[in-house]
Each structure stands twice: as structure tokens, then as C-alpha cells.
Amino acid sequence: MSDETIEMHGVRVLLFAGDGEKLAAAQDANLFLSETWARDATLAVIPVSRLGGDFFDLKTRIAGEVIQKFVNYQVGLAILGDISAWADTSKPLRDFVYETNRGRSLWFIRDLAELDQRLAIKAAG
């Protein structure tokens, strides 16, 4: 599967493919941001399989730095897939996911149906 741009509830979304360059360090966010801009999208959906191994280790600060880049450039970010393997063993990560999912800049979503639901709520709100 290749990267795909779709429209959902008035939002242009770039769905990154499950394979490809990894988001393993903060500077790697530039690749994903550049592709998102090139496709005129305002929301990037990155599968868990595209994240480096340290992304969910909050002590590395990779997740925070990546998210800050997306926020600074006003591009939404959704992490797509099951993160329970990491969240089940880390209360700080569970808390982080809970807090970010309450906002509008970053969501951790299990599937595209959940993304559709969140964007519908955002469009209505």
C-alpha cells in the first residue's frame, strides 16, 4: 500500500502507508511534514509500524518533540494502530495518550473508523 490522501468531514488527510521511512527521531518529523504539505493535507495519519522503537518511551522525549513540530506547523497528527503493548506497561504513556486524545492536535486511534468519528465530532463542534 502507498500513501493515500483522502477527504474526511472537510479535512484533507494523508494516510501514510504501513511501510517506509521510520519516525525514529524528532528530525524525522520533517519528512512526514513535508509530504503532508506536498499533498495539501492538514492531518497526517502515521501507522504505529512507522514509528521507531523509542517513540513510546517518553523518557527519550522523541514523542514530545515530534508532536511539538506538528503543532508548531499547524498540522494535525494521528497515530494509527494498537499501542496496548506499550501502554499496558507504562502509566505515564497511558496518561499521555489520555490527555492528548482529549485535545485536537494529536490523537492515538485504533482504526480509521475511530478517526472518522473524531473528525465528525470536530466538524460538528
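Residues numbered from 1 in each chain as written. Predicted model: local features only at pLDDT ≥ 70, side-chain atom pairs only at ≥ 80, totals over all residues. Heavy atoms only, no water.

### Focus: the overall build of the chain
- When you go through the chain residue by residue, the secondary structure sums to five helices and five strands.
- From first element to last, N terminus to C terminus, the chain shows the α and β order β-β-α-β-α-β-α-α-β-α.
- The C-alpha atoms of the chain give a radius of gyration of 14 Å, which matches the 14 Å a tight globule of 125 residues would have.
- C-alpha atoms of the chain, sized along the principal axes, occupy 35 × 30 × 30 Å.
- By sequence separation, contacts in the chain at least 24 residues apart represent 67% of the contacts at least 6 residues apart.
- Total accessible area on the chain is roughly 6,900 Å²; 50% of this is exposed by carbon and sulfur atoms. (Helix = DSSP H or I, 4+ residues; strand = E, 2+ residues; numbered from the N terminus. Rg over C-alpha atoms; globule rule 2.2 N^0.38 Å. Contact = heavy atoms within 4.5 Å. Areas by Shrake-Rupley, 256 points an atom, 1.4 Å probe, with all protein chains shown as cover.)

### Here we look at helix α5 (residues 112-124)
- With 13 residues, α5 extends 18 Å between its outermost C-alpha atoms, agreeing within 8% with the 18 Å of an ideal straight helix rising 1.5 Å per residue.
- Within the sequence span of α5, burial applies to L115, R118 and L119. Projection of α5 onto a plane perpendicular to its axis shows the buried side chains occupying an angular sector of 95°, all on one side. With respect to the buried face of α5, the exposed residues turned more than 90 degrees away are A113, I121 and A124.
- Looking at the buried residues of α5, the elements they touch are β1 (4-8), β2 (11-15), β3 (43-47), α4 (91-101) and β5 (106-109). (Expected span 1.5 Å × (residues − 1). Buried < 20%, exposed > 50% of the residue type's maximum accessible area, 1.4 Å probe, protein only. Arc of directions from axis to C-beta.)

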